[in-house]
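Reading the structure
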Amino acid sequence: MTNYDAIDFSPIMALTEGEVVTHSPVRDVRLPSGKVLALITLDNGRDHTRPNTLGPATLTELGETLAGLRARAAAGEIHAVGITGKQYILAAGADLSDISRVGSRDNARLIAQLGHKVLGFLSSLGVPSFAFVNGLALGGGVEIALNSTYRTVDASAAALALPEVFLGIIPGWGGAYLLPNLIGIENALEVVISNPLKQNRMLKPQQAFELGMMDAIFPAANFLEDSLRWADAVLGGKKVDRKNEPGKIERLTKWPIAIKMARGMLESKIGTVPRSPYVALDLLDKAKSGTREEGFAREDEALADLVTGDQFAASMYAFDLVQKRAKRPVGAPDKALAKKVTKVGIIGAGLMASQFALLFVRKLQVPVLITDLDQARVDKGVAYIHEEIGKLEAKGRLDADSANKLRGLVTGTTDKSLYADCDFVIEAVFEEVGVKQAVFGEIEQIVAEDAILATNTSSLSVEEIGSKLAHPERLVGFHFFNPVAVMPLIEIVRTATTTEAALSTAFVVAKGLGKNAVLTADAPGFVVNRLLAKVMGEAARAVYEGTPVAEVEKAFAPLGLPMGPFQLIDLVGWKVAAHVQDTMVHAFPDRFYANENFHALADLPEVVEKDKGGRVTGFTKAADKLVKQAAGTTPTPAAEILRRVQDGLAQEIRLMLDEGVVPEVEDIDLCLILGAGWPFIDGGASPYLDREGASERVFGATFHTPVIRGIANA
């Protein structure tokens, strides 16, 4: 058992320089029964755009506050302690900037221990403690609540989550032990592991209440008053029912089965490269027995190990890109130059076009026009949009009036003259230059002179697409990623003639759609598809040399990608992948691989077989027969396949920077994280390639100086 009171925390107090301290003032509240509750309100003195965070100085002050309240409780002056936050915010967890500069494993352990010492006070005050979760609660914010005796939540709170696994660490202030013992192992696995791995999914207050993380939920209007009244009732003997709290049978039977199934699911879905999900899994497994003190001690050591590793260092680099660089796109013109968009036109009514229309109408709430070659296709597209709006209504994400309003804003027709008053027109037609040139040539005759035209091409030259326009300067690349509603990236492509107004409009529209935009030059494949084509091409090369497809998938596992190359090709579509490979080989024949046999594969209804987890296990019989006609008989060793893709990526990224496709390597990593699901634990691609030695092998230097490494390996 760790004696937290005997630990010297002075080594980490040096980290408090520059910390925005979240203070913990207290006021006494006399409850209706006459009892006194001492209420702490966490507040860093900033508005809600700067959430409360929990750095060493904040924790130290909170610890002193709680120690004082423990003394008052012992003297009989107070009957309970409550803790809440400033408006809209409880706490957004630990101050990650502090954690990332701890300097040593010992200091990393001290961060964990300080959190355990201070938050642990909430369960040892001598009187009950109540967490009134009045707003956003992430990581340590949730752990404040878990360490408290009872918890209420505001029904309008923005989100609750334990996102640590997403960042390459674990809930280290009690979450990994307390949560499964509160809501059961299956629910805890969802919150601690599954949700972070699903693009960091958060919980709504109602979900947290239903899981049993919160004991009561109240509307925002009288949240604090209702919470205090409820707390008074609990102090008066009101029973708090916790139906998901695990009993002996769950611990003996369900617990080990759930852990085993989760481990198998992780290995199938993400491979074994990411460390934090497996460390979290082991902590949740051990939480089924033993004491709270033992659980906290395990968290101390696990957090110290992970915080000092390479994956956390890369995650912090990635986190900084997504939180800061993505919000201030490099090269974006003044937004005052943007044309106001009051109506959007979408050329096409297929699945991609319909997804565009749904996103534009939901986010911009302006009229959206879709057209196609015949009315049947148009009707199918409109029906899809209406159906998706209906699904959102059924889930309670839209009320009936809003749903009807959105349906009314969508128009489908074959009459292209209705594009006349559109301010922003985007095409979603077949990926062929001539087709795109033809549709834009027709539309240009109809729209106003200052209307912006956008192409969703994934790899073609935007300049070539616009070369036959009378006003090519208003054409901009606006490349979405599939699925459109989910993937957060849009690559905005400028040509030599694109105007600042067209670019500005594109950036403002992207932001209005809730997307992150990165500006790229008009180069083949832009950023994401150029690098994915390198990955897919090297996978295809290995197969056509004679390597079984399942072995190729395994060889790529150390990259840590969310899926193997052939699983990715299957998701993108074999015809699309074949087309992208052809484009890249045509542009750079000496560096990219394609095989004519790929097109024959793309014509098959099914190309690969998969296991239950979606991982590719081999080709279908028809595909296998086709591949064998063109493939060699000498399998390539896994280490050689991996080295080739690492070196190929390092070479391509260096060339992209030299060519000015984007200003800095950070923009490439940002594109890969947001557009290809490249894991945070790699930091995109460049930190990984530096660590693996690929950068040195290819161009004799590194993308980052110093190389982004964890403290343990620096």
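Residues numbered from 1 in each chain as written. Predicted model: local features only at pLDDT ≥ 70, side-chain atom pairs only at ≥ 80, totals over all residues. Heavy atoms only, no water.

**Describing the overall build of the protein**
Across its full length, the protein holds 29 helices and 19 strands. What you see for the protein is a C-alpha radius of gyration of 28 Å, in line with the 27 Å of a compact globule of 714 residues. Overall, the protein is about 85 × 60 × 50 Å in size when its C-alpha atoms are taken along their principal axes. Counting all 714 residues of the protein, 56% fall into the buried class. For the protein, the share of sequence-separated contacts (at least 6 apart) that also reach a separation of at least 24 residues comes to 74%. For the protein, the exposed surface amounts to about 29000 Å²; the carbon and sulfur share of it is 53%. Charge-centre separation for the protein: the mean point of 74 positive side chains lies 5 Å from the mean point of 88 negative side chains. (Helix = DSSP H or I, 4+ residues; strand = E, 2+ residues; numbered from the N terminus. Rg over C-alpha atoms; globule rule 2.2 N^0.38 Å. Buried < 20%, exposed > 50% of the residue type's maximum accessible area, 1.4 Å probe, protein only. Contact = heavy atoms within 4.5 Å. Areas by Shrake-Rupley, 256 points an atom, 1.4 Å probe, with all protein chains shown as cover. Lys, Arg positive; Asp, Glu negative; His and termini not counted. Charge placed at Lys NZ, Arg CZ, Asp CG, Glu CD.)

**Some words on the packing of helix α13 (residues 310–323) against helix α27 (residues 665–676)**
Closest axis-to-axis distance for the α13/α27 pair is 10 Å, and the angle between their directions is 90°. On the basis of their axis angle, the class for α13 and α27 is roughly perpendicular. Only Val665, Glu666, Asp669, Leu670, Ile673 and Leu674 of α27 make contact with α13, whose side of the interface consists of Tyr317, Ala318, Leu321 and Val322. (Axes fitted to C-alpha atoms, helices over the stretch in contact; angles between N-to-C directions. Parallel < 35°, antiparallel > 145°, perpendicular 65-115°, else oblique.)

**Some points on unusual backbone geometry**
In this model, Asn482 is joined to Pro483 through a cis peptide bond whose omega is -5°. Here the bond from Thr705 into Pro706 is cis, since omega is -5°, no more than 30 degrees from zero. With respect to the helices and strands, the residue Pro706 is situated in the segment after α29 (694–699). Even without being a glycine, Tyr88 presents a positive backbone phi close to 75°. Its place among the elements puts Tyr88 in the loop between β3 (80–85) and β4 (89–91). For Tyr88, a relative accessible area of 48% puts it in the partly exposed group. Unlike most non-glycine residues, Gln365 shows phi in positive territory, near 50°. Of the residues examined, Gln365 reaches a relative accessible area of 42% and is grouped as partly exposed.

**Focus: the packing of helix α14 (residues 351–364) against helix α15 (residues 375–394)**
One can describe the packing of α14 onto α15 by two numbers: an axis separation of 9 Å at closest approach and a directional angle of 50°. Taken together, the axes of α14 and α15 lie oblique to each other. As for the relative orientation of α14 and α15, their crossing is right-handed in sense. In this structure, α14 contributes Leu351, Ser354, Gln355, Ala357, Leu358 and Arg362 to the contact, and α15 contributes Gly381, Tyr384, Ile385, Glu388, Ile389 and Leu392. Grouping the constituent residues of the contact of α14 with α15 by class yields 7 nonpolar, 3 polar and 2 charged. (Left-handed = near helix turned anticlockwise from the far one by under 90°. Nonpolar A, V, L, I, M, F, W, Y, C, P; charged D, E, K, R; others polar.)

**Here we look at the side chain of Glu299**
With respect to the helices, strands and loops of the structure, Glu299 is situated in helix α12 (residues 292–307). Buried charge without a salt bridge: Glu299, with Arg298 as the nearest opposite-charge side chain at an N-O distance of 7.6 Å. Once residues within four sequence positions are removed from consideration, Glu299 is found in contact with His116, Ile170, Pro171, Gly172, Trp173, Gly174, Gly175, Ala176, Tyr177 and Leu283. (Salt bridge = Lys/Arg side-chain N within 4 Å of Asp/Glu carboxyl O.)

**A word on the packing of aromatic side chains**
For the structure shown, the criterion picks out 15 aromatic pairs. With a centroid separation of 6.1 Å and an interplanar angle of 75°, the aromatic rings of Phe566 and Phe619 are classed as edge-to-face. Here Phe619 lies in strand β19 (residues 616–619) and Phe566 lies in helix α22 (residues 565–572), a separation of 53 residues in the sequence. As far as the burial class goes, Phe566 and Phe619 line up, both buried. Taken together through their ring pairs, the aromatic side chains of Phe356, Phe360, Phe424, Phe478 and Phe480 make up a single cluster. Lying across the ring of Phe588, Arg591 places its NZ or CZ 4.3 Å from the centre. The ring of Phe699 is capped by Arg654, whose NZ or CZ atom sits 5.5 Å from the centre of that ring. (Phe/Tyr/Trp six-rings, centres within 6.5 Å; stacked < 30°, edge-to-face > 60°. Lys NZ or Arg CZ within 6 Å of the ring centre and 35° of its normal.)

**Quick look at helix α26 (residues 638–659)**
Taking 1.5 Å per residue as the helical rise, α26 with its 22 residues ought to reach 32 Å, and the 31 Å between its terminal C-alpha atoms agrees with that figure. What α26 keeps buried is the set Ile641, Leu642, Val645, Gln646, Asp647, Gly648, Leu649, Ala650, Glu652, Ile653, Met656 and Leu657. Summarising the contacts, the buried residues of α26 are in contact with α20 (528–545), α21 (549–555), α27, α28 (686–691) and α29. Gly660 sits one or two positions beyond α26 and adopts a positive phi of about 75°. (Expected span 1.5 Å × (residues − 1).)

**Remarks on the pairing of strand β15 (residues 475–479)**
Summarising burial for β15: 5 of the 5 residues are buried, a large majority. Side-chain alternation along β15 places Leu475, Gly477 and His479 on one buried face and Val476 and Phe478 on a second face that is also buried. Inspection of the sheet shows strand β14 (residues 452–455) paired to β15 by 3 bridges, in the parallel sense. Looking across to β15, one finds that Leu453 is bridged to Leu475. With 3 bridges connecting them, β15 and strand β16 (residues 489–494) associate as antiparallel partners. The residue of β16 that forms the bridge with Gly477 is Val493. (Pairing = 2+ DSSP bridges.)

**Observations regarding helix α5 (residues 140–147)**
Burial runs high along α5: 8 of the 8 residues are buried. Among the residues of α5, Gly140, Gly141, Val142, Glu143, Ile144, Ala145, Leu146 and Asn147 are the ones counted as buried.

**Quick notes on the side chain of Ser24**
Of note, Ser24 is situated in the loop between α1 (10–13) and β1 (26–30). Polar contacts involving the side chain of Ser24 include one to the side chain of Thr65, which spans 3.0 Å. In contact with Ser24, not counting residues within four places along its chain, are Ile40, Thr41, Leu42, Glu61, Leu62 and Thr65. (Polar contact = N/O pair within 3.5 Å; in protein donor to acceptor, adjacent residues only side chain to side chain.)

**With respect to the pattern of salt bridges**
Counted under the stated rule, the structure contains 41 salt bridges. Salt-bridge contacts for Arg494 lead to Glu500; the nearest nitrogen and oxygen are separated by 3.0 Å. Note that Arg643 and Asp647 form a salt bridge whose closest N and O atoms lie 4.0 Å from each other. With a gap of 4 residues between them, Arg643 and Asp647 both fall in helix α26, about one helical turn apart.

**Description of the environment of Gly546**
Among the secondary structure elements, Gly546 is positioned in the loop between α20 and α21. In sequence terms Gly546 and Thr636 are 90 residues apart; their C-alpha atoms lie 7.2 Å from each other.

**Describing the sheet that holds strand β7 (residues 150–154)**
On the basis of which strands lie adjacent, the open sheet formed by 6 strands has the order β1-β2-β3-β5-β7-β9 and mixed pairing. Single-partner strands in this sheet number two, and they are β1 and β9 (216–218). Going across the sheet, the axis of each strand differs from the next one's by a mean of 25°, ignoring polarity. With 4 bridges connecting them, strand β5 (residues 129–133) and β7 associate as parallel partners.

**Focus: the environment of Ile89**
Looking at where Ile89 falls in the secondary structure, it is placed in strand β4. For Ile89, a relative accessible area of 4% translates into the label buried. With 72 residues separating them in the primary sequence, Ile89 and Ala161 have C-alpha atoms 13 Å apart. In contact with Ile89, not counting residues within four places along its chain, are His48, Pro51, Asn52, Asn134, Gly135 and Leu136.

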